Each structure stands twice: as C-alpha cells, then as structure tokens.
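Each chain, written out:
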Amino acid sequence: MLRNRWLFVTILFACLAASLVFVGYPIYVIRPFRAQGARELAVALVVARFRPMVTVISALVALAALAGYWRVQQREWRRILAAVGAGFVCVLAVLARVNVYELMFHPIDHAAFSAAAKSKLDGDEKVIAVLVNGEARAYPIRAMSYHHIINDEVGKTAIVATY
Amino acid sequence: MWTREVDGTRLTFHLAGINNQNFIMRDEETGTYWQQINGLAISGPLKGWQLTLVPSDELNFATWRSEQPQGTVLNDISKYATEYARKDWDVRMKREPVVISFAEHGMKARDLLLGIRAFGASRAFPYDEVIKQKLVKDHVGAEPVLLVVGEDNQSVRVFRDRIPGVDTTPDFYRLTPPKPGALLMDSATGSEWNFQGCAVSGKLQGVCLERVQALKDYWFDWRNYNPRTTIWGK
C-alpha cells in the first residue's frame, strides 16, 4: 500500500514537472527583449510544437494517478494536496493552448477594405503595397505594426502580408 | 509578403513568437514555424520550405493612391485602432533596446536601411543618406541598380539600371524640379521616367525598368540574416 502511494505521488510530480517544462521552456526562450540562441530556439520550437499533446497526456496521467492515490490515501489533507497538484497539471494543459502573442497583438479575423479614393487614411501615412495579377492593395503600417500578420487574397492569389 | 500556398495546401498564419526581434509565424494547417524576414520554415513538418516572395513597396499612402486609384486599402480594426502606431513609428522604435548588435562599419543597431538581396549578393543602403541624395546609382553584386526617391521625399524604389532592349548603359539624372508624373530623364534619348520606373514621354515611352525588391529594415536585423552584406558608402 505504502509503495503504491509513493508511486502515485511520483507520477503526479513527474506529470507536473513535464507540463511545467513544456509550457515554461518555450515562454522562457522565445520572449521579447532576450537574445535567442540557434540551438535553444530549435529546442523551444520542438517543445512548443508538441506542447498541446504532451500536456493533455500529462493531465490525463495525473488524473489517473490522483484517482489511484485517492483510493489508497485516507488522510484528507494529503488527498486535497494531490488534487490541487493534478488540477494544476490540467490548468497547464489549458495554458499550453493559449497563444500569448495573439493576446498581445490581436490577429485580424475579419479584414475589411476601402477603395483608395474613399479611405480616410492620411496621405503621409506609410503603407506596404502589393500588386498581384493587376489587383492593388495597401496595408497601412499603423495597423500592420500592431497586428503584424494578415492572411489575405489579392488577385486570386492567397498571400500573407507581414510586417 | 509571401504567397501562402505550399504544395497545394493553403496556409493560415499566426503570430507565434520572436527570434532576436524578428517574429516567428506558425501555420495552423501543419504547425510549422516560419521566420518572417525570409519566409523560411525553421521548425516543424515543412522545415526547409521557402515561401515565395510577393514583391511589395513601402510607400506614402498619397503616392500609392495616385498610382493605384482603383486599389483597396485595409481598414483599421476599430477595436484596436487606439493602440496603433503613430506615423513616425519606425523612428520611435529607434529608442527601443536590441538584443543583438553588430558594431561594424560605424552602423548603429537601429540605423534604418534599405536592404537588397539579389544577384547573388546582399547590400544595405542607409535610408537617411538615400533620401538625402534622392538618386543613387550603385551595384548589387555585379548588377547596376538605381535607387529613386519619390516626390514625397520618403518613398524609395529600386530598379535595375538597364533599359530593356537597349544595349548601352543608361545615364539617368533627376529632373529639378520634378514634373508632375516624371522624376527622371535618361540622357541618351531624353525620355522622361516616372516613379514606377516607366518612361512617360520620348522615344522610350511605355518602356519600364525592372523592379528590384528592397526591404526597409534595421541594421541589426538585416545583418543577422545577411552576414556577408556590404554597405553602400562604407
């Protein structure tokens, strides 16, 4: 019985550690105003890519370990402590799906365009302009330096405007 | 600016991170990470793929509107418009800190430049100096290029300094003062040329110079991705 308890606790801690690393490491490496080394960036991007899957598996394993622990542990406060730990692993699985960058710089979901002649944009505002298959489009830098990306279609061609 | 179809799949990009102050995009279809400055897939299933460049210009809105009256312009997303940048955003950004720096050729990390990667070479043209000179004749690799400042005194375009169908090297000079719709004249034919690089009068009327893509960038970012870049005037 005692051995089982330790096993469940160890699994819980392992899940917590794995989820913390998978959520925390990419945030630590890929953050503004910090120099990114080539190798650490490569590792962080691989971690970020598998982060949603790994943290969900980790949460499921943590919940299973909690259920096992609950059965073999009678002391209430230890059960609650284990539940809090498993709950935190679940929270990390949710956090792994949050794109911090899109919280800071909201993406454009529904772009709208005006005719050049009717636009209220000041003449001395800067724009990035494209001409694709005869269709001309301008993206004001005032908006692009905030949203950074717009998935668009110009001249029947799917393009991504970036700044 | 890139096309977003790779191998028959249309990709939808999201902002996903930052790499030495150049941002990283992620496509939701494959989960691949892409570097914004060069359109290269740096991690994930499509690693190694290169997005196709869509030529673009950085212009004053009035200049663009006069050239493309039929064009359309992206509206503000009103919910976020109060957070948008001011007109002198790129100048204001000069005060922001940097995380990498290349103290070479007397360049400061946030000096603005026009970067050209073409003809097997990379060359940077300090923006303020180009604006001052208004017409720059130089080379990228072995290819002669022409940098032309628009009438708004802020927009810059780059062309190959060769007239299609003409063997001799052209000799362009700037009209002072510029005429409406004409900025340059070539001394061989006396044809007048506009900011789009097309002859609007004279023997060569209708002929257009070939455009060369230039990127307005900060020195630290340009140098990071173009380690062998040379600098005009240095």
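These figures come from a predicted structure and were not determined experimentally.

Caption draft 1: Just the overall build of chain B, in detail. In terms of regular secondary structure, chain B is built from 4 helices and 20 strands. Once the C-alpha set of chain B is aligned to its principal axes, its extents read approximately 55 × 45 × 40 Å. For chain B, long-range pairs separated by at least 24 residues make up 42% of all intrachain contacts whose partners lie at least 6 apart in sequence.

Caption draft 2: Representation of the interface of chain B and chain A. Counting from both sides, the interface comprises 52 residues of chain B and, opposite them, 57 residues of chain A. Those elements giving two or more residues to the side of chain B that touches chain A turn out to be β1 (2–3), β4 (13–19), β5 (22–27), β7 (40–43), β8 (56–60), α1 (61–67) and β9 (72–74) of chain B. Here the side of chain B that touches chain A takes 7 residues from β4(B), the largest share from any one element. Split into classes, the residues belonging to the side of chain B that touches chain A amount to 26 nonpolar, 17 polar and 9 charged. Alignment of strand β2 (residues 126–132) of chain A against β8(B), held across 5 bridges, turns out to be antiparallel. Considered in β8(B), the bridge of A:Val127 is made with B:Leu59.

Caption draft 3: Here's a closer look at the domain arrangement of chain A. Each domain of chain A was delimited in the assignment, giving domain 1 (2–98) and domain 2 (116–162). Computed from C-alpha coordinates alone, the two centres of domain 1 of chain A and domain 2 of chain A are separated by 42 Å.

Caption draft 4: View of the sheet that holds strand β15 (residues 172–179) of chain B. Reading across from one edge, β15-β16-β17 (chain B) is the order of the 3 strands in this open sheet, with antiparallel pairing throughout. At either end of the open sheet lies a strand with only one pairing partner, and these are β15 and β17 (192–193) of chain B.

Caption draft 5: Quick peek at the pairing of strand β14 (residues 156–160) of chain B. Residue and element names in this part refer to chain B. Across the 5 residues that make up β14, a large majority, 4, are buried. With 5 bridges connecting them, strand β13 (residues 143–149) and β14 associate as antiparallel partners. Within β14, the position partnered with Val145 by the bridge is Arg160. Following β13, the chain reverses through 6 residues before pairing antiparallel with β14; Asn153 in that reversal takes a positive phi of roughly 65°. Where β14 and strand β18 (residues 211–212) come together, 2 bridges link them in antiparallel fashion. Counterpart to Val158 in the pairing with β18 is Val212.

Caption draft 6: Representation of the nonpolar core in the model. Formed by 46 residues in total, the largest nonpolar core has its most connected members in A:Val127, A:Ala129, A:Tyr139, A:Ile159 and B:Met25. The contact partners of A:Val127, leaving out residues within four places of it in the chain, are A:Ala138, A:Tyr139, A:Pro140, A:Ile141, B:Leu59, B:Phe61, B:Trp64 and B:Val73.

Caption draft 7: Here's a closer look at the packing of helix α1 (residues 2–29) of chain A against helix α2 (residues 38–72) of chain A. Residues and elements named next belong to chain A. Interhelical geometry of α1 versus α2 gives an angle of 155° and a closest axis separation of 7 Å. With respect to each other, α1 and α2 are oriented roughly antiparallel. For the pair α1 and α2, the sense of crossing is left-handed. For the contact of α1 with α2, a count of residues per class yields 22 nonpolar, 5 polar and 3 charged.

Caption draft 8: Focus on the sheet that holds strand β6 (residues 33–35) of chain B. Residues and elements named next belong to chain B. Pairing in this open sheet of 4 strands is antiparallel, and the strands run β4-β5-β6-β7 from one edge to the other. Because the sheet does not close on itself, it has two edges, and the strands there are β4 and β7. Direction aside, neighbouring strands of the sheet carry axes that sit 40° apart on average. Examined bridge by bridge, β5 and β6 share 3 bridges and lie antiparallel to one another. Of the residues in β6, the one forming a bridge with Ile24 is Gln35.

Cut-offs applied
Residues numbered from 1 in each chain as written. Chains lettered and ligands numbered in written order. Predicted model: local features only at pLDDT ≥ 70, side-chain atom pairs only at ≥ 80, totals over all residues. Helix = DSSP H or I, 4+ residues; strand = E, 2+ residues; numbered from the N terminus. Contact = placed C-beta atoms within 7 Å. Nonpolar A, V, L, I, M, F, W, Y, C, P; charged D, E, K, R; others polar. Pairing = 2+ DSSP bridges. Domains from an automatic or database assignment. Buried ≥ 20, exposed ≤ 12 C-beta atoms within 10 Å, placed from the backbone. Core = buried A, V, L, I, M, F, W, Y, C linked by C-beta atoms within 7 Å. Axes fitted to C-alpha atoms, helices over the stretch in contact; angles between N-to-C directions. Parallel < 35°, antiparallel > 145°, perpendicular 65-115°, else oblique. Left-handed = near helix turned anticlockwise from the far one by under 90°.

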